[in-house]
Amino acid sequence: MTGAQQPAEHSLTIRKPYFDLIASGAKTIEVRVGYPKIRKINAGDTLRITCADEFLNARVTAVEEYESFAAMLDAEDPAAIGGPNMSHDQLVAAIRDIYPPEKEALGVFALHLTLTHAGG
């Protein structure tokens, strides 16, 4: 294939507190580990984020890869990841509660999002 890749559409399921933070505009970075489907997400792609019967559409504006959650949190704005009320240490604990060390070893991805539509 030659030329630029066409933007693709992906879907993610997210926990309710984080879904609400994205919907409010407080959370603009979604953190995931390097599963094959996450590695296919590129800047410019569309993301459909679902939680139960609600959904959001967002555009991925950037994808950053890190070797650990700590490295990612040193480089990214923690408030954009966990909202304004979570400290750096609380955020590390929350992320590690979701992803154990063997998942973190797959690589850490910070997906920068711009909300485009909400519905449900």
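These numbers come from a predicted model, not from an experiment.

Further remarks concern the overall build of the protein chain. On a plain count of helices and strands, the protein chain comes out with six helices and five strands. The C-alpha radius of gyration computed for the protein chain amounts to 14 Å, which stays within 12% of the reference 14 Å derived for 120 residues, consistent with globular compactness. When the backbone C-alpha atoms are referred to their principal axes, the protein chain occupies close to 40 × 35 × 20 Å. The buried share of the protein chain, taken over its 120 residues, is 40%. Of the contacts formed within the protein chain by residues at least 6 apart in sequence, a portion of 75% connects residues at least 24 apart. If you sum the accessible surface of the protein chain, you get close to 6600 Å²; carbon and sulfur atoms cover 51% of it. Across the protein chain, the centroid of the 11 positively charged side chains sits 7 Å from that of the 16 negatively charged ones.

Moving on: the side chain of Glu 76. Residue position: Glu 76 is located in the loop between helix H3 (69-75) and helix H4 (78-82). Looking at Glu 76, its side chain comes within polar contact range of the side chain of His 112, at 3.1 Å. Ignoring anything within four residues of it in the chain, the contact list for Glu 76 reads Ile 29, Glu 64, Tyr 66, Ile 81, Ala 110 and His 112.

Moving on to the pattern of salt bridges. Any two side chains of opposite charge can pair, on the condition that their charged atoms come close. The full count for this structure, using the stated rule, is six salt bridges. In this structure, Glu 104 engages Arg 96 in a salt bridge whose closest nitrogen and oxygen atoms are separated by 3.2 Å. You can call Glu 104 buried: its relative accessible area is 9%. One connected set of salt bridges, linked through shared partners, spans Lys 16, Asp 20 and Glu 54.

Basis of the calculations
Residue numbers restart at each chain and count upward from 1, following the sequence in its written direction. Whole-chain, interface and lining totals are the exception, using all residues; otherwise, since this is a predicted model, local features are given only for residues with pLDDT of at least 70 and side-chain atom pairs are given and counted only at 80 or more. With hydrogens and water stripped out, all remaining heavy atoms of the structure feed into the side-chain values. Only DSSP runs of H or I covering at least 4 residues are called helices, and only runs of E covering at least 2 are called strands; the numbering of each starts at the N terminus. Radius of gyration here is computed from C-alpha atoms only, and the compact-globule reference equals 2.2 Å multiplied by the residue count raised to the power 0.38. A simple rule labels every residue: compare its accessible area, found with a 1.4 Å probe on the protein chains alone, to the largest value its type can have, and call it buried under 20%, exposed over 50%, or partly exposed in between. Residues are treated as being in contact if the distance between any of their heavy atoms lies within 4.5 Å. Calculation of accessible area relied on Shrake-Rupley with a 1.4 Å probe; when residues are assessed, cover is drawn exclusively from the protein chains displayed. Positive charges come from Lys and Arg alone, negative charges from Asp and Glu alone, with His and the N- and C-terminal ends not counted. One atom stands in for each charge, and that atom is NZ of Lys, CZ of Arg, CG of Asp or CD of Glu. We define a polar contact as two N or O atoms separated by no more than 3.5 Å, with the added condition that, inside protein, one atom must be a possible hydrogen donor and the other a possible acceptor, whereas residues neighbouring each other in sequence contribute only through side-chain atom pairs. By definition here, a salt bridge exists when the distance from a side-chain nitrogen of Lys or Arg to a carboxyl oxygen of Asp or Glu is within 4 Å.

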